[in-house]
Amino acid sequence: MLGDLGYAVQVAFTYYTVIYLTGLGGLFSERSGIVNIGLEGMMIIGTVTGSFGAFYFTSAVADGGLGLGQPWGPILGLLFGMACGAAFASIHALATVTFRIDHIVSGVVINLVAVGLARFLSSVFFGQATQSDPGQPHLSLIDVPLLSSIPQFGRAFENLSPVVFVGLLAVFPAVYVLYRLRWGLRLRSAGENPEATRSLGVRVAPLRWQAVLISGALAGLAGAFLSVEATGHWREGQTQGLGFISLAALILSNWNPRRLMAAAFLFGFAQAIPLTLDNWPIIRSIPPQFVNMTPYIVTIVVLAGFVGRVRPPAAAGKAYEGGST
Amino acid sequence: MASVAAPPVVAAPRALPGWLTNGLAQIGALLLAFVIALALGAVIVVLYGENPLDVYAAIFKFSFTITDGPAYVMAVATPLIFSALAVSICFKAGLFNIGVEGQFLVGMLTAAWAALYLDFIPGPLLMWTVLLFASLGGMAYAAIPAVLKVKTGAHEVVTTIMLNGIAVSLVGWALNGPLKFTNPPPGQNVDLRTDPFPRNALVPDLGHVFGFGKGPNLSWLFPLAIVAAIIIWFVVKRMRLGFEARAVGAAAGSARAGGISIGGVQIKLFLISGALAGLVGMQQILADQGLLPKNYIAQLGFTGIAVAFLGRNNPIGIIFAALIWGILARGETALQIETDVPREFVIILQGLLILTVVITYELAKRRLARRQVRTAAAEELIVTVESAPEEVPT
């Protein structure tokens, strides 16, 4: 019983990492005033490029790789996914910041293009459009000392990817950058009142560009983690709407990086329940699809103001006419 | 910005009437978008060591010269017309219905339920009942974000994104539960799906009327989509609701001052949108498959957004945009057969096209607006120049 729960928490850590990193990306973008519903697409690009990167940097020179082996191969693969996510996000930045296209339109296009681009890249990388080759190189898994030796429940802290700890610790640099650095203050003010920001001599467009690129990088890293570390292969459709769940977590957190941790873990745990606790009679009596719906339902309830209140950044989604300056 | 330094316009262009300038600008923007998208696509083709002209010719020819080509194009366009119309009607009032995806999934569920459980309804009446249930399902699902928006202010973009996620799970649940097949063929491991629908529930084939084969499954849903487009055109241009919608979309404050109930208009538009969205899935379940399978074609709601933009939210434009989309989709097969370029190139091309169309239109709109401002300024200038010729502001 407790062992099952430990397993559920272990799987929840994996989902948490994907949701938190992507949600944090969305947080940077939306806090700067750019609504980003293209997170799912940016994550998709991260899955396929991260998987390829890990193969390319790890496998031997004879097999057409760079032969860096462990652990540099997978690490560079993850970073490659991150870079490609940022590169892909530059389309969103170009459309919304430079050309001041409606953010939702651009986000929808990003998501549509990502599906096709991922298939295209996959057929270039792997010679097949919908999945990677077997034998995905990944980082070796970690057991947390002490915690993993807790009887039964300790399973929660076994076999974790090192990237999970990146997800757990990312809040510190994020909070520091957003709330302690001048850049973070400017970024947040660009999302609340770009006119005031501009009047203080701060150029809004570069800030927003940087924020959108960061969001792409984080979503790309989350995607690369999903393919390289969490599932061990790239497969079409493996993001399963996690980008939208990240968006839901972001809303539930009220655009706050600390509260985003709680929201991401909550939704991550909801994803893990049907997968890991299916031999609990209570869980088995509920169709798994209803458990999977919970993040979306919670978000609608919160948005409608039935429980609590959330307030998005004031200028998010609005075109700023001084956009090119 | 560069426009600040622009020299004062001496001879303002005022010969052309406004609607003509507007129309020419739109056509120009569209052509420019196509040229840019095709040029960017050509770069990828060249990287593959192929001739872009050959590749584009292959894509285009496949829809016209190969047997049944046009029928395939129209069959692909059918669901896209419905979904793009659903998006566009909301957009008239500045509402963004990203929930067409979820609404069409729910429409497929209610239609499948009607086809399987109301099979006592005789003759072609069953088909119309099924279509009605599809629309009602989409409508009911669209009512949720509409009411939430009007009553609580929850933004429709976010609520519909969430409802899309819920709809995917609903279909998964229904196919595992209430709508799961009852008697799979013995000895076969079939994918999850519903039972086959009764023949009366299906939409009859249209292709054979024009001498096409059975393959493309071109059905009477295509003319129905055209009729829907004409009705929507009529509603938007000629009916009170269309006027109110455009008023709300253009200036909500003025519309309210003019006595229009904004919430009422928004709910009505969302319901119409949902009714159209409900019909999006009918081509695949009532014409292609005759049942609702687990691996149904998704993303049609999102593609509808792209098609709506390509068609400039104009119902007639949407028909052509959907056909263009169909031609490109058909071209995937052509690429696979005739070139070394991966077939997914077409999806990239579609994405490029949408991006360039959206951006060029936006820039054209701004240019027009600037020119109007300049024309007005120039007219004022003439008056100013007459009185004080030495001090022309730059």
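Note that this is a predicted model, so its numbers are computed, not measured. (Residues numbered from 1 in each chain as written. Chains lettered and ligands numbered in written order. Predicted model: local features only at pLDDT ≥ 70, side-chain atom pairs only at ≥ 80, totals over all residues. Heavy atoms only, no water.)

Here we take up the nonpolar core. By size, the foremost hydrophobic cluster in this structure holds 217 residues, and its most contacted members are B:Ile59, B:Ile98, B:Phe197, B:Met282, B:Leu292 and B:Phe345. In contact with B:Phe345, other than residues within four places in its own chain, are A:Phe120, B:Gly41, B:Ile44, B:Val45, B:Val55, B:Tyr56, B:Ile59 and B:Leu335. (Core = buried A, V, L, I, M, F, W, Y, C linked by side-chain atoms within 4.5 Å. Buried < 20%, exposed > 50% of the residue type's maximum accessible area, 1.4 Å probe, protein only. Contact = heavy atoms within 4.5 Å.)

The subject of this paragraph is the side chain of A:Ser148. Mapped onto the elements, A:Ser148 comes out in the loop between helix 4 (103-125) and helix 5 (162-169). Reaching out from A:Ser148, the side chain makes a polar contact with the backbone oxygen of A:Val144 at a distance of 2.5 Å. (Helix = DSSP H or I, 4+ residues; strand = E, 2+ residues; numbered from the N terminus. Polar contact = N/O pair within 3.5 Å; in protein donor to acceptor, adjacent residues only side chain to side chain.)

Here the structure, examined in full by the defined rule, presents two cavities of 30 Å³ or more. Empty space within the largest cavity amounts to approximately 60 Å³. Contributing to the lining of the largest cavity are 12 residues, with A:Ile34, A:Thr96, A:Val97, A:Arg208 and A:Tyr320 lying nearest its centre. Contributing elements (two or more residues each) for the lining of the largest cavity: helix 3 (72-98) and helix 9 (204-231) of chain A. No other element matches helix 9 of chain A, which puts three residues into the lining of the largest cavity. Grouping the constituent residues of the lining of the largest cavity by class yields six nonpolar, three polar and three charged. Reported here for the second largest cavity is a volume of approximately 30 Å³. If you go around the second largest cavity, the residues you meet are A:Val105, A:Val108, A:Val109, A:Leu112, B:Phe302, B:Ile305, B:Ala306, B:Phe309 and B:Ile354. Residue composition of the lining of the second largest cavity, by class: nine nonpolar, no polar and no charged. (1 Å grid on protein atoms, 1.4 Å probe; cavity = no way out; pocket = protein on both sides within 12 Å on 5 of 7 lines; lining within 4 Å. Points joined across faces, edges and corners; volume = space filled by probe spheres on them. Nonpolar A, V, L, I, M, F, W, Y, C, P; charged D, E, K, R; others polar.)

Moving on to the packing of aromatic side chains. The final tally for this structure, using the stated rule, is 22 aromatic pairs over all chains. Ring centres of A:Phe13 and A:Phe157 lie 6.0 Å apart, and the angle between their planes is 45°; this geometry places the pair in the tilted category. Placement of the pair is A:Phe13 in helix 1 (residues 2-31) and A:Phe157 in the loop between helix 4 and helix 5, with a sequence separation of 144 residues. Like A:Phe13, the residue A:Phe157 is buried in the burial classification. Ring centres 6.2 Å apart and planes at 80° place the aromatic pair A:Phe153 and A:Phe157 in the edge-to-face group. Relative accessible area serves as the criterion here: at 23%, A:Phe153 is assigned to the partly exposed category. A:Arg155 extends its terminal NZ or CZ atom over the ring of A:Tyr7, reaching a point 4.2 Å from the ring centre. The ring of B:Tyr72 has B:Arg330 lying over it, and the distance from NZ or CZ to the ring centre is 3.9 Å. (Phe/Tyr/Trp six-rings, centres within 6.5 Å; stacked < 30°, edge-to-face > 60°. Lys NZ or Arg CZ within 6 Å of the ring centre and 35° of its normal.)

With that settled, consider the confidence of the model for chain B. Segments scoring low in pLDDT should not have their predicted coordinates read at a detailed level. Per-residue pLDDT for chain B averages 86, and the proportion of residues at 70 or more is 91%. Taken together, the chains of this predicted complex give a pTM of 0.87 and an interface ipTM of 0.87. (pLDDT = per-residue confidence, 0-100.)

With that out of the way, let us pick up the side chain of A:Thr299. Among the structural elements, A:Thr299 can be located in helix 13 (residues 288-303). Overall, the relative accessible area of 1% leaves A:Thr299 in the buried class. Looking at A:Thr299, its side chain comes within polar contact range of the main-chain oxygen of A:Pro295, at 2.7 Å. Dropping the residues within four chain positions of it, A:Thr299 is found in contact with A:Ala248, A:Ile251, A:Phe267 and B:Met162.

Let us now look at the environment of A:Ala12. As for its position among the elements, A:Ala12 is in helix 1. In this view, A:Ala12 contacts A:Phe265, A:Gly268, A:Phe269 and A:Ala272; residues no more than four positions away in its chain are not counted.

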